[in-house]
Amino acid sequence: MTTTTAAVPSAPVTWGILGVAGITRAMIRGILGSDRAVLRGIASRDGAKAAAAAAEVDAVGYEGYDALLSDPAIEAVYLPTPNALHAEWAIRAAEAGKHVLCEKPMAVTADEARAMQAAAASAGTLLAEAYMYAHHPRYAEIARLIADGAIGRVRSMQVTFTFDASAELDHSGFQGAPGSGAIYDVGGYAVHVARLLLGAEPEAVTAHAAASELHGGIDMSTSLLLEFPDGVGVLAQVGMWNADRDTVTIIGERGIIEVPHAFICGPDDGDAVLIDADGVRSSIVAERVDHYERQVTRFSEAVRGEVALAWAPDDAVRQATILEAATSSWRERVRIPLPA
């Protein structure tokens, strides 16, 4: 008689958070909601802020990021610092032997992204860019619909991700530092979702932006044209002083797929993905999940060697290359070809 022994789940990964930015609340929820993760501590340059944030979730508060990185009990860190500081602290975390899930955009430039990738490779640690939306199961379903030809060949895409935070003059994205502006704040989503669903890389980018000296000379409302192979174009509107909207529309030969609340889809949201093909309208009701929890779980499983990273650091290098080119495009008012 043959018996089988069920695999014993590996121990949860112990996490720390480098910063108390607003987005950390969603990630704290994701870590606490995952059975593959445990939140040990939160660090801030302001010890009182760290202690207050940590006390809310029965974690340890660390005064200064180095204090958290020196804790041998912490295996992985989430890095939500201002964009211009991502490279410095991701590299320091890797040197401390920590796996890093870095808030998007992972890097301001492609050179920064490559340096971060090299540091992680040298340390033998994992590094990933935190595009949480793509961990929602509806994107796998949308990709399947496209691959199955539900709307015929994809001819174009339209992406909108806008909100108005123009009155928040103390916003870290409004200081004029490298990595500030609409392209870096929300434009990465448009680039990422286009690459994800088209399964291809853009060949050129053109950006046109409304800049604001009040906000540090950054782009506040930006239109992007991403040129993909076979004449497929992706038009994106991204902005930080526009009305709220986040949608993706995929237009094919015979139909359209519409994704409402494409990027901000909380665990209590179940908006349907709409399909209009060959004159027949149908919908797929999104499973109600927390995409932050899914992101944490996937990264934790990768730390334990159970799965591969959803997107390797090479993907973040490509993202940085495109965002850097888009920034040059609007500043110089030119079309920028992208390396193959």
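Described in the following lines is the structure provided in the data block. Along each chain, residue indices are assigned from 1 in the same order as the chain's sequence is written. Residue-level local features of this predicted model are given only where pLDDT is at least 70; pairs of side-chain atoms are given and counted only at 80 or more, and the full residue set underlies all totals for whole chains, interfaces and linings. Side-chain metrics rest on all non-hydrogen atoms present in the structure, leaving aside hydrogens and water.

**Some points on the packing of helix α7 (residues 182-198) against helix α9 (residues 313-332)**
The angle between the axes and the distance between the axes are what describe a pair of packed helices. Cut-off, in case you're wondering: Only the stretch in contact is used when fitting a helix axis, every axis being a line fitted to C-alpha atoms; angles between N-to-C directions are given from 0 to 180 degrees. The secondary structure listing takes helices from DSSP runs of H or I that are at least 4 residues long and strands from runs of E that are at least 2 residues long, numbered from the N terminus. Every angle not falling under 35 degrees, over 145, or within 65 to 115 is termed oblique; those three ranges are roughly parallel, roughly antiparallel and roughly perpendicular. In a left-handed crossing the near helix is turned counterclockwise from the far helix by less than a right angle, and in a right-handed crossing that turn is clockwise. The contact rule is simple, with two residues in contact once any of their heavy atoms fall within 4.5 Å.
Running from amino to carboxyl end, α7 crosses α9 at an angle of 125 degrees, the nearest separation of the two axes being 10 Å. Here α9 runs oblique to α7, going by the angle between their axes. Judged by the twist between their axes, the crossing of α7 over α9 is right-handed. Contact with α7, carried on its side by Ile-183, Tyr-184, Gly-187, Gly-188, Val-191, His-192 and Arg-195, involves Asp-315, Arg-318, Gln-319, Ile-322, Leu-323, Glu-324, Ala-326, Thr-327 and Trp-330 of α9 and no other residues of that element.

**Remarks on the pattern of salt bridges**
Going by this rule: Every case where a carboxyl oxygen of Asp or Glu lies within 4 Å of a side-chain nitrogen of Lys or Arg is listed as a salt bridge. Classification of residues uses two cut-offs on accessible area relative to the type maximum, computed with a 1.4 Å probe and protein chains only: under 20% is buried, over 50% is exposed, and between them is partly exposed.
Scanning all chains against the criterion turns up 20 salt bridges. Note that Glu-103 and Lys-104 form a salt bridge whose closest N and O atoms lie 2.3 Å from each other. With relative accessibility at 7%, the residue Glu-103 sits in the buried group. For the salt bridge of Arg-195 with Glu-201, the shortest nitrogen-to-oxygen distance reads 2.8 Å. One connected set of salt bridges, linked through shared partners, spans Arg-195, Glu-201, Asp-315 and Arg-318.

**Details of the sheet that holds strand β12 (residues 255-259)**
To keep it simple, the criterion reads: One bridge is not enough; two strands pair if DSSP finds at least two bridges between them.
As summarised here, the arrangement of the 9 strands in space is β14-β13-β12-β11-β7-β10-β9-β8-β15, forming an open sheet in which the pairing is mixed. Each end of this open sheet is capped by a strand with a single partner; those strands are β14 (280-285) and β15 (336-337). Here strand β8 (residues 204-212) runs beside strand β9 (residues 218-227); their pairing, made up of 9 bridges, is antiparallel. Looking at β9, one finds that Val-205 is bridged to Leu-226. Docked against the sheet, helix α6 (residues 137-147) engages β7 (154-164), β11 (241-252), β12, β13 (272-277) and β14, running at close to 175 degrees with respect to β12. Against the sheet, α7 engages β7, β8, β9, β10 (233-239) and β11, with an angle of about 155 degrees to β7.

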